[in-house]
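Residue strings, one per chain:
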Amino acid sequence: MSEMSRRSVFLDEIGLGPLWLRRDGGAGLAGAELIKADVAPAVEIPAVPVPQRVEPMASRVQDNPAVSAWADAEPVSVPQAAVQAGISTAAMDWGQLQKAVAGCTACGLCQGRKNTVFGIGDSKAKWLFIGEGPGRNEDIQGEPFVGPAGKLLDNILLAMGLKRGENAYIANIVKCRPTDGTGRDRPPAADEVAACLPYLQRQIELIQPTVLVALGKTAALSLLGLDPATPVSKLRGSVHRYADRPLVVTYHPAYLLRQLGDKGKVWSDLCLAMSTYANAGE
Ligand code: URA
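Bear in mind that the values here come from a model prediction, so they are computed numbers and not experimental data. (Residues numbered from 1 in each chain as written. Predicted model: local features only at pLDDT ≥ 70, side-chain atom pairs only at ≥ 80, totals over all residues. Heavy atoms only, no water.)

Caption draft 1: Molecular detail of the overall build of the protein chain. A tally of regular secondary structure across the protein chain gives 12 helices and 8 strands. Across the 282 residues in the protein chain, those meeting the buried criterion constitute 47%. Within the protein chain, residue pairs in contact and separated by at least 24 positions form 71% of the contacts whose partners lie at least 6 positions apart. About 13300 Å² of surface is accessible on the protein chain, with carbon and sulfur atoms providing 51% of the total. (Helix = DSSP H or I, 4+ residues; strand = E, 2+ residues; numbered from the N terminus. Buried < 20%, exposed > 50% of the residue type's maximum accessible area, 1.4 Å probe, protein only. Contact = heavy atoms within 4.5 Å. Areas by Shrake-Rupley, 256 points an atom, 1.4 Å probe, with all protein chains shown as cover.)

Caption draft 2: Highlighting the packing of aromatic side chains. Throughout the structure, instances matching the rule amount to 5 aromatic pairs. Seen in terms of ring centroids, Trp-94 and Phe-118 are 5.2 Å apart; in terms of plane orientation they differ by 85°. Their pairing is edge-to-face. A residue pair is termed long-range when its members are at least 10 positions apart, and Trp-94 in helix α5 (residues 94-102) and Phe-118 in the loop between α5 and β3 (120-121) qualify at 24 residues. Relative to Tyr-277, the ring of Trp-127 lies with its centre 5.0 Å away and its plane at 20°, an arrangement referred to as stacked. Residue Trp-127 is found in strand β4 (residues 127-131), and its partner Tyr-277 is found in helix α12 (residues 263-279); the two are separated by 150 residues along the sequence. The exposure class of Trp-127 is buried, given its relative accessible area of 1%. Here a set of aromatic residues connected by ring pairs shows up, and it is made of Trp-94, Phe-118 and Tyr-169. Over the ring of Phe-118 we find Lys-175; its NZ or CZ atom is 5.9 Å from the centre of that ring. (Phe/Tyr/Trp six-rings, centres within 6.5 Å; stacked < 30°, edge-to-face > 60°. Lys NZ or Arg CZ within 6 Å of the ring centre and 35° of its normal.)

Caption draft 3: Expanded view of the site of the ligand. If you check the shell around the ligand, you find Gly-131, Glu-132, Gly-133, Glu-138, Pro-144, Phe-145, Asn-172 and His-252 and nothing else. Between Gly-133 and the ligand, the recorded distance is 3.1 Å, taken from a backbone N or O atom to a nitrogen atom. In isolation the ligand offers 230 Å² of accessible surface; the protein chains occlude 90% of this area. Tallied by class, residues from the shell around the ligand come to 2 nonpolar, 4 polar and 2 charged. (Near = heavy atom within 4 Å. Polar contact = N/O pair within 3.5 Å; in protein donor to acceptor, adjacent residues only side chain to side chain. Nonpolar A, V, L, I, M, F, W, Y, C, P; charged D, E, K, R; others polar.)

Caption draft 4: Spatial organisation of the sheet that holds β3. Taken in spatial order, the 6 strands line up as β3-β5-β4-β6-β8-β7 in an open sheet, and their pairing is mixed. Each end of this open sheet is capped by a strand with a single partner; those strands are β3 and β7 (239-242). Pairing of strand β6 (residues 211-215) with strand β8 (residues 245-250), which is carried by 4 bridges, proceeds in the parallel orientation. The partner of Leu-215 across the bridge, within β8, is Thr-250. (Pairing = 2+ DSSP bridges.)

Caption draft 5: Region of the structure containing the pattern of salt bridges. Following the criterion strictly, the structure yields 7 salt bridges and no others. Here Glu-143 ties to Arg-164 by a salt bridge, and the two come within 2.9 Å at their closest N and O atoms. Placement of Glu-143 in the loop between α6 (136-141) and α7 (148-159) and of Arg-164 in the loop between α7 and β5 (168-172) is noted, with a sequence separation of 21 residues between them. One salt bridge connects Glu-192 with Arg-186, and the closest N-O pair in it is separated by 2.9 Å. Residue classification places Glu-192 among the buried residues on the basis of a relative accessible area of 8%. In the salt-bridge network here, residues are joined through shared partners; they are Glu-143, Asp-154 and Arg-164. (Salt bridge = Lys/Arg side-chain N within 4 Å of Asp/Glu carboxyl O.)

Caption draft 6: Looking closely at unusual backbone geometry. Despite not being glycine, Phe-145 shows a phi value in the positive range, around 50°. Position of Phe-145 among the secondary structure elements: in the loop between α6 and α7.

Caption draft 7: Local environment of the pairing of β4. For β4, the tally of buried residues reaches 5 of 5 residues, placing the bulk of the element in the interior. Alternating residues of β4 divide into Trp-127, Phe-129 and Gly-131 and Leu-128 and Ile-130, and every residue in both groups is buried. In terms of strand pairing, β4 meets β5 through 5 bridges, oriented parallel. Note on β5: the bridge partner recorded for Leu-128 is Tyr-169.

Caption draft 8: Highlighting helix α8 (residues 190-207). In this model α8 runs 25 Å from its N-terminal to its C-terminal C-alpha over 18 residues, within 8% of the 26 Å that 1.5 Å per residue would give. The sharpest bend along α8 reaches about 40° and sits at Cys-196, with the proline Pro-198 one to four residues further on. Burial within α8 is extensive, with 14 of its 18 residues counted as buried. Positive phi appears at Gln-208, one or two residues downstream of α8, with a value of about 55°. (Expected span 1.5 Å × (residues − 1). Bend = angle between axes of the 7 residues up to and from the residue.)

Caption draft 9: View of the environment of Ile-207. Relative to the assigned elements, Ile-207 resides in helix α8. Setting aside its immediate chain neighbours within four residues, Ile-207 contacts Trp-94, Ser-123, Lys-124, Ala-125, Leu-128 and Tyr-169.

Caption draft 10: Local environment of the packing of α5 against α8. Taken N-terminus to C-terminus, the directions of α5 and α8 make an angle of 165°; their axes are 11 Å apart at the nearest point. Classed by the angle they form, the pair α5 and α8 counts as roughly antiparallel. Between α5 and α8 lies a crossing whose hand is left-handed. Across the interface between the two elements, Trp-94, Leu-97, Ala-100 and Val-101 of α5 pack against Tyr-199, Arg-202, Gln-203, Leu-206 and Ile-207 of α8. The class makeup of the residues in the contact of α5 with α8 is 7 nonpolar, 1 polar and 1 charged. (Axes fitted to C-alpha atoms, helices over the stretch in contact; angles between N-to-C directions. Parallel < 35°, antiparallel > 145°, perpendicular 65-115°, else oblique. Left-handed = near helix turned anticlockwise from the far one by under 90°.)

Here is the structure:
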């Protein structure tokens with residue numbers, strides 16, 4: 001299946017298809033004659049479909065004082081997190097950071113891990129996607145998002161004109177798999193997040209991404225330093241900041257697999273991320 005078709009299938013799947021293209025293959029829409037992608041001759045579409053206008057939802061949410069308050073909240077400063085956790089990553093290069101993560105014993109999660117999961121992708125990527133932490137499959141393979149949620153994430157990346165490993169980096173808040181007493185996956189605890197965050201911070205400093213996308217509650221709340229009771233729905237639709245970079249919050253792909261009806265919301269969040277990226281002049 002061609003990339004265009006896969007993208008069209010994904011947009012269709014999330015209730016936003018069919019993908020319409022200009023008959024002459026141009027990128028702009030004004031005055032253009034449109035044809036449906038699956039009956040269209042192979043014409044190029046822009047790599048990243050930046051919307052002319054962000055979904056009205058974004059401004060509606062920004063107009064809501066309760067949400068603006070969340071959006072304005074002070075992000076956790078990572079040097080502060082590093083001091084709390086006693087890890088100094090500030091001077092590490094990429095290789096040193098990888099080694100430090102591989103041998104990390106800063107919290108109890110090191111005891112049960114098979115592998116640390118450093119992250120994957122282009123270390124000079126303009127896009128950084130941040131999940132919660134490794135699950136069972138990721139712990140075994142040492143790579144983030146390799147299960148069904150990972151497949152969905154790959155499709156989402158594709159719909160954005162991105163690809164795992166090409167201009168996108170995928171990391172997690174914690175690098176080791178958190179499990180409960182019965183060996184099942186669980187979200188990381190606050191002390192585990194604090195111990196691990198300096199690694200992600202150094203990754204951000206070295207990668208220098210243009211836009212960060214927080215996938216789900218753990219990523220969003222850990223980065224923004226917010227109360228655990230804050231729902232993701234309150235953080236969507238605004239551009240936050242972390243480590244001096246724009247941060248857009250959306251639902252976790254695993255949540256999306258359970259709540260298929262929210263796929264359109266995720267696409268709307270990603271449109272906000274893409275317009276943020278475009279406005280950053282990249
Ligand atoms: N969920 C995450 O948040 N990260 C992974 O790497 C896998 C599943």
